[in-house]
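If you want the building blocks of each chain, they are given just below.
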Amino acid sequence: MKRSEALIEIDNIHKSFGNFEVLKGISLSVNEGEAVCIIGPSGSGKSTVLRCINGLLPIDEGYIRVGKHRVHELRSEKEMRPLRHQVSMVFQQYNLFPHKTALENIMMAPIQVLGHERAEVEDRARKLLEKVRLGNKADSYPGMLSGGQQQRVAIARALAMQPEIILFDEVTAALDPETVKEVLLTIRELVDDGLTCILVTHEMKFAREVADRVCFTDRGLIVENAPPAELFDTPQDPRTREFLGQVL
Amino acid sequence: MFGLDYSWLADPAYQSWLVTGVINTLELAALSSSVAILIGMLGALGLSLRVFWLDALIELFVEVFRNTPPLLQMLFAYFTLSTLGLETTDPVTGLKMPLLSAFACACISLSLFGGALAIEAFRSGLETMPKAITEAGRSLGYSRWARFWRIEVPIASRVCLPSLTNILTNLFKTTSQASVITVPELMYYAGQIYNDTFRTLEVMILILIIYVVLVSILSYGMSRLEAYLTLPGYGKEQ
């Protein structure tokens, strides 16, 4: 049952860690092909929202629908599997598996989880490595790659699941300034290809250029949700203004 | 030389005892090490599930087998298991005999002893697993079981390999205690030979050398394995 035509629909979700309420009623909907950036001070619940969308964190209260999956009703990892196929995630610390080469990192889940055929997956993985401009690093282990290269492998790994949606969790926050660019370029290409993306980011300039919509979160709530030009140039809420005043 | 007399070594009977002893020691060590490693992995998996009663059970197992002498465990296994009345009929002679031989009892007792130590080693390996790795596995749709075998075990076993080497070399040496329950391994035959020849010192020196050689091969193998499994870009790789 859908409440709207949006691809992702989040309605009034609450989440607490112990006594601390991180999400205090977040609502957001994302249409197919849309790129939405979430910005805001640390601790405002940005990354938590992403983890709730793909079921990594269970919510306490509220409604989350991704495509045909009602995420808040899924209980076991097994029930989550079709959802995880549809939604990939890229992390701040890349989270590559250190005991596998770049190519193997990309191939593992499609073969082991989705049961796709090895030859076809390898072909797909090599193409993805080309796409993120790391075709020559197929046999390198994560420990031999720079942060930016690892992050691009992680993006290729997420893409290899052939997801409809990718969640990016502060993917450039741990990178050297000079490698940030190459990762952002890769993400921009995905957005241009029409992949639905939700990005938690501190790169305001990037958010402005790439996003269809920007959400500003503060203390567990989405304070403001508008197209980038509007949100950055004429912020309505005083908290948005204060935050942008500090970071821009 | 030094008044040592090794002329008994020329006797084919003693030679075959030594060879049989070495083979049985190797079999005992290989079997109990394999089972101990399996117990270690499963125990650590059990602990990582954080189920209250399972935790308590595994902890109890570890405490009992880690904090009692392995010799006592072996005697205990031998006398309890053999009095259980499990019997089988020998197909050749038609005689009744205990289902569990002394060798089997030694194997079980050594596996449990090594397993208890291995649980601790694997547990420490799994505990150093970055939460990020687990999260990546989950986000890619891996089930708990698949994540454990395909991601956590390969990484954790590299982390705990040095302590596993210690456990396995210790276990290898502890196999000698099986001689007490009449398992015909190297130590047992050593006793047989010096009781026969009264060349106690000579036999002990020889047995000592054989153990040094065997255990050195084991630890050399483990260090090669460690080097082979070192993750490029991590740890002590040159």
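Calculation rules
- Residues numbered from 1 in each chain as written.
- Chains lettered and ligands numbered in written order.
- Predicted model: local features only at pLDDT ≥ 70, side-chain atom pairs only at ≥ 80, totals over all residues.
- Heavy atoms only, no water.
- Helix = DSSP H or I, 4+ residues; strand = E, 2+ residues; numbered from the N terminus.
- Buried < 20%, exposed > 50% of the residue type's maximum accessible area, 1.4 Å probe, protein only.
- Areas by Shrake-Rupley, 256 points an atom, 1.4 Å probe, with all protein chains shown as cover.
- 1 Å grid on protein atoms, 1.4 Å probe; cavity = no way out; pocket = protein on both sides within 12 Å on 5 of 7 lines; lining within 4 Å.
- Points joined across faces, edges and corners; volume = space filled by probe spheres on them.
- Nonpolar A, V, L, I, M, F, W, Y, C, P; charged D, E, K, R; others polar.
- Contact = heavy atoms within 4.5 Å.
- Buried area = accessible area lost by both parts, 1.4 Å probe.
- Salt bridge = Lys/Arg side-chain N within 4 Å of Asp/Glu carboxyl O.
- Polar contact = N/O pair within 3.5 Å; in protein donor to acceptor, adjacent residues only side chain to side chain.

Participant: Is there a simple way to explain the overall build of chain B in this structure?
Facilitator: When its secondary structure is counted, chain B shows nine helices and two strands. Considered along the principal axes of its C-alpha atoms, chain B spans approximately 65 × 50 × 35 Å. Taken across its 238 residues, chain B has 42% of its residues classed as buried. Surface accessibility of chain B: about 12,600 Å² in total, with carbon and sulfur atoms responsible for 68%.

Participant: What should I look at first to understand the layout of surface pockets in this one?
Facilitator: The gaps left among the atoms become clear once a water-sized probe is rolled over them. All names here are of chain B. Space inside the second largest pocket adds up to approximately 300 Å³. At the level of elements, helix 1 (12-48), helix 4 (102-127) and helix 6 (144-159) are the ones that each hand at least two residues to the lining of the second largest pocket. Among the residues making up the lining of the second largest pocket, the classes are represented as four nonpolar, two polar and six charged.

Participant: Please explain the interface of chain B and chain A as it appears in this structure.
Facilitator: With 21 residues of chain B at the interface, the matching set in chain A holds 24 residues. Between chain B and chain A, roughly 2,100 Å² of surface is buried when both sides are summed, and carbon and sulfur atoms account for 61% of that area. Together, B:Arg138, B:Ser139 and B:Leu140 form the three largest contributors to the area buried by chain B at its contact with chain A, with a combined 29%. For the pair chain B and chain A, the interface holds three salt bridges. A salt bridge links B:Arg147 to A:Glu77; its shortest N-O distance comes to 3.4 Å. Run the count over chain B and chain A and you get ten residue pairs in polar contact (both at pLDDT 80 or more). Counting residues per element, the ones that place at least two in the side of chain B that touches chain A are helix 5 (131-139) and helix 6 of chain B. A total of seven residues in the side of chain B that touches chain A trace back to one element, the largest contributor, which is helix 5 of chain B. Of the residues contributing to the side of chain B that touches chain A, the split by class is eleven nonpolar, five polar and five charged.

The analysis is restricted to geometry; functional conclusions fall outside its scope.
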